Amino acid sequence: MTDFPRHRIGLDAARGLRTLTGVDEELLSRVRYERSKYTALGGVVLGTSVIAAFSMWNFATEALGRISVVALLPTVIWMLFVLNLDRWLVTPQPNARRRLGPLLTRLLVALMLGAVIAEPLVLRIFQTAIEERVQDERTGTIDALRTNLVRCNPVPATTRTVAPAGCDTTYVLSFSATPGDRVDELTALRSDAATLQKRVDQDTTRLEAIDSEVRDECRRLVRIAATGLYQRTSECLRLRDKARDYRTTHRTAQNERRLAGMNTRISKIEGELTSSRSAFLKARDRGIAQRLAEERAKQKEIGVLERIRALDELASGNPVLFVGIWLVRLLFVLLDVLPVLVKYLTGETAYDRMLTGESNSAVKIHGEQVRLAERRALADLEIAQDTIEQEVRRHRAESEASFREHTAAMNIRVRQAVNALEDEIRRSSTV
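On a predicted model such as this, the values are computed, not experimentally measured, just so you know.

K.L.:
How do you make sense of the overall build of the protein chain when you look at a structure like this?
P.N.:
Secondary structure summary: the protein chain contains 12 helices and two strands in total. The buried share of the protein chain, taken over its 431 residues, is 28%. For the protein chain, the proportion of contacts with a sequence separation of at least 24, taken over those separated by at least 6, is 74%.

Now the structure itself:
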């Protein structure tokens, strides 16, 4: 009792697989030994549709960037489409050997379908290498962007600083203030201070020489004969006047005070410039961080096109990987074309011959039925035409008889009228 349900379930499953091949169970029952062949072919069709569903699932999840229930809808639709298309491709056709055009068309459709299905599966197999390649490219893009942002936004040396070559608006950041605003003033002030320092140094050297002469001369004392006292020499007094006049005419004290003020101002501007540069560097770091964050925001989940491009780049630089990728692609294409190949490489079966015979017989029977219906229609038309002609002849005869009767009645009435008139004439002549 327990074997019958299992046997029944097995028969239903086998019948369901044969349904996927488009065979007629009533016709196939006449060649029972071929049921297993079409059952196996149905399994191949079902396996191809399952592979197509897995391929679409991978494609949909990669396009969405995550595993989602939404991916089930295109997966189911694609599976049913491929299942129905493969069923159409392997459905037995009468006179198949004499129809080379449809065979080539079916093989071409199967090859194109296999190529479409194979690509997501190839991407899935090489997923790890592809993701590493894409991550390396994204990291390189971020590093290159950071390098270009730093290179194209240097600390301005002057207000007329020119952007480096190769820097366009993509890499140039905008700042509210730059250190270059005070650099020109600091440069001019340093130039003036250097000139004044040279002048002060020259005056100091000259004064030191005069003061040395004054010291040497003023150490010498001369005795006055009248008073017997010692006093400075006239040369000492002249040299002192000379030193005093030199300080007055060259304004050494004022120049030293002016130089000290300029050095103080230079130190102040340098301090402000250091703070400005620090603020500029911080603003530049914030701008660079913002641009890098925007670039990272664009680099969300890895898309399908990005995966395909990365796979091609990996294959172009590695011959072994290139061969491996194409072998996997050809394998999946072969699996997707397998139902058509299995169908048409097995040759013509007894079922195909019976189907051809049934088809040809049905065509002949239909042709005979059409011709019979045509003859019946023509006979009915002839009968109807004869009936109409008889009706016309009958109506014509009736019309002629009615006309003759009417003519005879008119003749009788005319004759009676003539006779009555002749009788009236005779009576009148007699009187």
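K.L.:
Teacher, can you tell me more about the nonpolar core here?
P.N.:
Core analysis: the biggest nonpolar cluster contains 27 residues, and Trp78, Ile117, Val122, Phe126, Ile130 and Leu311 have the highest contact counts within it. Secondary structure elements with two or more residues in this core: helix 3 (35-64), helix 4 (72-90), helix 5 (100-125), helix 6 (127-152), helix 10 (304-316) and helix 11 (319-345). The contacts of Ile117, once residues within four sequence positions are left out, are Ile51, Ala52, Ser55, Trp78, Val82 and Asp336. Counting 13 residues, the second largest nonpolar core, distinct from the first, contains Leu41, Leu83, Val90 and Leu355.

K.L.:
Any chance you could explain the packing of helix 4 against helix 11 here in plain terms?
P.N.:
Relative orientation and spacing of two packed helices are given, respectively, by the angle between their axes and the distance between those axes. Contact geometry for helix 4 and helix 11: axes closest at 9 Å, N-to-C directions at 15°. By the angle between their directions, the pair helix 4 and helix 11 is classed as roughly parallel. As helix 4 packs across helix 11, the resulting crossing turns out to be right-handed. Facing Asp86, Leu89 and Val90 of helix 4, the residues of helix 11 in contact are Pro339, Val340, Lys343 and Tyr344. Class assignment for the residues of the contact of helix 4 with helix 11 results in five nonpolar, no polar and two charged.

K.L.:
Explanation requested: the UniProt feature "transmembrane region" (unreviewed entry) in the protein chain in the structure shown.
P.N.:
With numbering aligned to this structure, UniProt lists the feature "transmembrane region" (unreviewed entry) at residues 38-57, 63-83 and 103-123. Between the end C-alpha atoms of residues 38-57 the distance is 28 Å, and the span holds 100% helix and 0% strand.

K.L.:
When you look at the pattern of salt bridges in this model, what are you seeing that I'm missing?
P.N.:
Opposite charge on two side chains allows them to pair when their charged atoms are near. Applying the stated criterion to the full structure yields 13 salt bridges. Of the charged contacts in the structure, one is a salt bridge between Glu368 and Arg371, with a shortest N-O distance of 2.3 Å. Of this pair, Glu368 and Arg371 both sit in helix 12 (residues 350-430), three residues apart, roughly one helical turn. Note on Glu368: relative accessible area 42%, which makes it partly exposed.

K.L.:
Teacher, can you tell me more about helix 12 here?
P.N.:
One turn of an α-helix holds 3.6 residues; hence residues three or four places apart share an orientation. For helix 12, which comprises 81 residues, the first-to-last C-alpha distance of 117 Å matches the rise-based estimate of 120 Å (1.5 Å per residue) to within 8%. Those residues of helix 12 that fall on the buried side of the exposure criterion are Ala350, Tyr351, Asp352, Leu355, Thr356 and Gly367.

K.L.:
Please clarify how the side chain of Thr61 should be interpreted in this entry.
P.N.:
Tracing the backbone shows Thr61 in helix 3. Looking at Thr61, the relative accessible area reads 11%, which means it is buried. Reaching out from Thr61, the side chain makes a polar contact with the backbone oxygen of Trp57 at a distance of 2.8 Å. Of note is the side chain of Thr61, whose polar atom sits 2.9 Å from the backbone oxygen of Asn58. Residues in contact with Thr61, not counting those within four places in the same chain, are Arg66, Ile67 and Ala71.

K.L.:
Teacher, can you tell me more about the packing of helix 3 against helix 11 here?
P.N.:
Here helix 3 crosses helix 11 at 160°, and the two axes come no closer than 8 Å. As judged from the angle between their axes, helix 3 and helix 11 are roughly antiparallel. Classified by chirality, the crossing of helix 11 by helix 3 is left-handed. Residues Tyr38, Leu41, Val44, Val45, Thr48 and Ile51 of helix 3 touch helix 11, and the partners they reach there are Leu335, Asp336, Leu338, Pro339, Val342 and Lys343. Here the contact of helix 3 with helix 11 is built from residues that sort into nine nonpolar, one polar and two charged.

K.L.:
Would you mind showing me how to read the side chain of Ser49 here?
P.N.:
Tracing the backbone shows Ser49 in helix 3. Ser49 has contacts with Met79, Val82 and Leu83, leaving out every residue within four places of it along the chain.

K.L.:
Would you take a moment to explain the environment of Leu113 for this structure?
P.N.:
Residue position: Leu113 is located in helix 5. The exposure class assigned to Leu113 is buried, which follows from its relative accessible area of 8%. Residues Leu113 and Leu85 lie 28 residues apart in sequence; the distance between their C-alpha atoms is 9.6 Å. If we ignore the near neighbours within four places in the chain, the residues touching Leu113 are Trp78, Val82, Leu85 and Asp86.

The rules behind these values
Residues numbered from 1 in each chain as written. Predicted model: local features only at pLDDT ≥ 70, side-chain atom pairs only at ≥ 80, totals over all residues. Heavy atoms only, no water. Helix = DSSP H or I, 4+ residues; strand = E, 2+ residues; numbered from the N terminus. Buried < 20%, exposed > 50% of the residue type's maximum accessible area, 1.4 Å probe, protein only. Contact = heavy atoms within 4.5 Å. Core = buried A, V, L, I, M, F, W, Y, C linked by side-chain atoms within 4.5 Å. Axes fitted to C-alpha atoms, helices over the stretch in contact; angles between N-to-C directions. Parallel < 35°, antiparallel > 145°, perpendicular 65-115°, else oblique. Left-handed = near helix turned anticlockwise from the far one by under 90°. Nonpolar A, V, L, I, M, F, W, Y, C, P; charged D, E, K, R; others polar. UniProt positions renumbered as here; feature names shortened; annotations may be inferred. Salt bridge = Lys/Arg side-chain N within 4 Å of Asp/Glu carboxyl O. Expected span 1.5 Å × (residues − 1). Polar contact = N/O pair within 3.5 Å; in protein donor to acceptor, adjacent residues only side chain to side chain.

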